[in-house]
Amino acid sequence: MTIRWDMRGKTPQQQAIVAAKDKNSTIMRKNSNYTTVSSVLIHPISIFMKLGWDSKGNFDGFQTLEEYMRCVEDQGSTWFSTNVLASGMSKKQLEKFKKAIGNKERIYIYFVIGKSGGGINEIEFRAEVIDMASAKGGIKTPSEIETPKLWINDICTIWIKLIRLRRYNAKKADDFKFVSNGRPLSGSLKSNCCFGYITND
C-alpha cells in the first residue's frame, strides 16, 4: 500500500475529494493523446524516386533498396545516391529541405519501382530524410560507413540520408501530384520521369 504523505492532517472528507480528483486525472490521461503521443510536423513536400536497375546493372529496384535497408539495420541510417539531376538539386530547394529538417519537420521520400526494375510502376518503399548534400558535377558520399560498399566510390550529384527505410503500400502513386504543375504522379510513371517533388495536399 502506497502512503500518501501529502494526505497527513487532512480529514476523511478531504482525502476522499483528493482521491476522486486523482482518479479523474488518470482517466483523462488514458483517454488523451497529448500526454503520450508527441505531435510530428510532416513537411508538405515529399521526394519521389523511381528505380530501375542500379547504375552498375547488378540489382533491380527491390534488390537495390534491400542493400540500403541492410545498411540502415547495421548503421541506423544510410546515404542514398543518384545522378538523376545532372546539376543536382537547386540551391533554393536544397535550402528549403535543410531548413525543414532543422525545424524537426519530417520529410518523406517515396520509392517507385519501375517495370524495368522488377516492379509495376507503383510505390513500394518509403523512408524519412534527415540530411542532404548536392553539388553540380557530383561529390562522394558524406559518410562511407553509412553507405553500402557497392556505392562507396560513386560520384553523385545528390546524396540523401535516410532512416526508417521500409516496404510501404499505404499510399499509392494516384494519391500524389507534382508540386511544380499539379499533374498526378501516376500519369508520369510510364515516361522517363524518375525524380521529383510531390504532395498529397
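Scroll up a little and you will see the structure.
Because the structure is predicted, anything quoted here is derived from the model rather than measured. (Residues numbered from 1 in each chain as written. Predicted model: local features only at pLDDT ≥ 70, side-chain atom pairs only at ≥ 80, totals over all residues. Heavy atoms only, no water.)

Chemist: For this particular structure, what's the right way to read unusual backbone geometry?
Modeler: Backbone geometry follows two general trends: most residues other than glycine have a negative phi, and most peptide bonds adopt the trans configuration. Backbone geometry places Lys104, a non-glycine residue, at a positive phi of 70 degrees. Position of Lys104 relative to the elements: it lies in the loop between α3 (91–102) and β3 (107–113). Residue Lys104 is classed as exposed on the basis of its relative accessible area of 70%. In this structure, Arg164 is a non-glycine residue whose phi angle is positive, near 50 degrees. (Helix = DSSP H or I, 4+ residues; strand = E, 2+ residues; numbered from the N terminus. Buried < 20%, exposed > 50% of the residue type's maximum accessible area, 1.4 Å probe, protein only.)

Chemist: Before we go on, may I ask you to explain the environment of Phe59 in this structure?
Modeler: For Phe59, the position within the fold is in the loop between β1 (46–51) and α2 (61–75). Each residue touching Phe59, except ones within four places of it in the same chain, is listed here: Gly52, Trp53, Asp54, Thr64, Glu67, Leu150 and Trp151. (Contact = heavy atoms within 4.5 Å.)

Chemist: Just checking my understanding: could you explain the sheet that holds strand β6 (residues 177–178) for this structure?
Modeler: Through backbone hydrogen bonds, the strands of a sheet pair up, either in parallel or in antiparallel fashion. Strand order in the open sheet formed by seven strands is β2-β5-β4-β3-β1-β7-β6, with mixed pairing between adjacent strands. Strand pairing shows two members of the sheet lacking a second neighbour, β2 (78–82) and β6, which therefore form its edges. When strand β4 (residues 122–139) meets strand β5 (residues 156–167), the two strands line up antiparallel, connected through nine bridges. Of the residues in β5, the one forming a bridge with Met132 is Ile160. Relative to the sheet, α2 contacts β1, β2, β3, β4 and β5, its axis offset from that of β5 by approximately 80 degrees. Where α3 meets the sheet, its contacts fall on β1, β3, β4 and β7 (195–199), and the angle it forms with β4 comes to roughly 125 degrees. (Pairing = 2+ DSSP bridges. Axes fitted to C-alpha atoms, helices over the stretch in contact; angles between N-to-C directions.)

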